[in-house]
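# Residue-level structural notes
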Amino acid sequence: METANISVILIDDEPTAIELLEMFLRGVSNIEVIGKENNAIRGFELAKDLMPDLIFLDIDMPDMNGLTLAEKLQTENFYSEIVFTTAHQHYAYDALNIKPLDFLTKPFNMEDVELVIRKFGEKKDKKKQEKKLEEF
């Protein structure tokens, strides 16, 4: 897996959820949290401005549902991978339509976060190999 830094933003209406996730991510050497937002609409603008590799996105938020936000990001031809984070498993089916990198159900732990980061690295490596094959 590639060791280049992975840029991440966190969007969740619960500040404690952002703090916990950021604490887990600090334990992963190649992660750089470049932005945090507790408002989905401002989170959308932050994501457009910073264009991170990964977005950890809560689904159940008061100002805009995370599923709606993810769809807006994809419509903008956005390349970031999305990881949904939610305490409500009933969103899982709807989230699959958006094709996120992963879906974490709260409360999750450090191992869950490490697995997501590994999955991102593998997907990134696979895309890189496919691009090399196309060029060949």
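Right above here is the structure, for reference.
Described in the following lines is the structure provided in the data block. (Residues numbered from 1 in each chain as written. Predicted model: local features only at pLDDT ≥ 70, side-chain atom pairs only at ≥ 80, totals over all residues. Heavy atoms only, no water.)

### Considering the overall build of the chain
The number of helices and strands found in the chain is five helices and five strands. Start at the N end of the chain and walk to the C end: the helices and strands fall as β-α-β-α-β-α-β-α-β-α. The globule rule puts the C-alpha radius of gyration for 136 residues at 14 Å, and the 14 Å found for the chain is close to it. Summarising its shape, the C-alpha atoms of the chain cover approximately 50 × 30 × 30 Å along the three principal directions. The buried share of the chain, taken over its 136 residues, is 46%. For the chain, the share of sequence-separated contacts (at least 6 apart) that also reach a separation of at least 24 residues comes to 66%. Surface accessibility of the chain: about 7800 Å² in total, with carbon and sulfur atoms responsible for 51%. One finds the centroid of the 16 positive side-chain charges in the chain at a distance of 5 Å from the centroid of its 27 negative side-chain charges. (Helix = DSSP H or I, 4+ residues; strand = E, 2+ residues; numbered from the N terminus. Rg over C-alpha atoms; globule rule 2.2 N^0.38 Å. Buried < 20%, exposed > 50% of the residue type's maximum accessible area, 1.4 Å probe, protein only. Contact = heavy atoms within 4.5 Å. Areas by Shrake-Rupley, 256 points an atom, 1.4 Å probe, with all protein chains shown as cover. Lys, Arg positive; Asp, Glu negative; His and termini not counted. Charge placed at Lys NZ, Arg CZ, Asp CG, Glu CD.)

### With respect to the environment of Glu-37
Note on placement: Glu-37 falls in strand β2 (residues 31-37). It is 18 Å that separates the C-alpha atoms of Glu-37 and Lys-106, two residues lying 69 residues apart in sequence. Separated by 3.2 Å, the side chain of Glu-37 and the backbone nitrogen of Asn-39 make a polar contact. Separated by 3.1 Å, the side chains of Glu-37 and Arg-42 make a polar contact. (Polar contact = N/O pair within 3.5 Å; in protein donor to acceptor, adjacent residues only side chain to side chain.)

### Topic: the packing of helix α1 (residues 15-26) against helix α5 (residues 110-135)
How two helices sit against one another is set out by the angle between their axes and by the gap between those axes. Remark: α1 packs on α5, axes separated minimally by 9 Å, with the N-to-C direction vectors making an angle of 65°. Here α1 runs over α5; the crossing is right-handed. Between α1 and α5, the residues in contact are Leu-21, Phe-24 and Leu-25 and Met-110, Val-113 and Ile-117, respectively. In terms of residue class, the contact of α1 with α5 is made up of six nonpolar, no polar and no charged. (Axes fitted to C-alpha atoms, helices over the stretch in contact; angles between N-to-C directions. Left-handed = near helix turned anticlockwise from the far one by under 90°. Nonpolar A, V, L, I, M, F, W, Y, C, P; charged D, E, K, R; others polar.)

### Quick word on the sheet that holds β2
One open sheet accounts for five strands, arranged β2-β1-β3-β4-β5; its pairing is parallel. If you trace the sheet from one side to the other, it starts and ends with β2 and β5 (102-105), each paired once. Averaged over neighbouring strand pairs, the angle between their axes works out to 20° when direction is ignored. Looking at chain direction, strand β1 (residues 6-11) and strand β3 (residues 54-58) are connected through four bridges and run parallel. Looking at β3, one finds that Ile-11 is bridged to Leu-57. (Pairing = 2+ DSSP bridges.)

### A short note on the pairing of β3
Put simply, side chains in a regular strand alternate between the two faces of the sheet. Of all five residues that make up β3, five are buried, and the element is covered over most of its length. Burial of β3 is two-sided: the residues Leu-54, Phe-56 and Asp-58 facing one way and the residues Ile-55 and Leu-57 facing the other way are all buried. Where β3 meets strand β4 (residues 81-86), five bridges bridge the pair, whose relative direction is parallel. Bridging from a neighbouring strand, Leu-54 pairs with Glu-81 of β4.

### Considerations on the side chain of Ser-80
Inspection of the secondary structure assignment puts Ser-80 in the loop between α3 (66-75) and β4. When sequence neighbours within four positions are dropped, the list of residues in contact with Ser-80 reads Met-51, Pro-52, Asp-53 and Ile-55.

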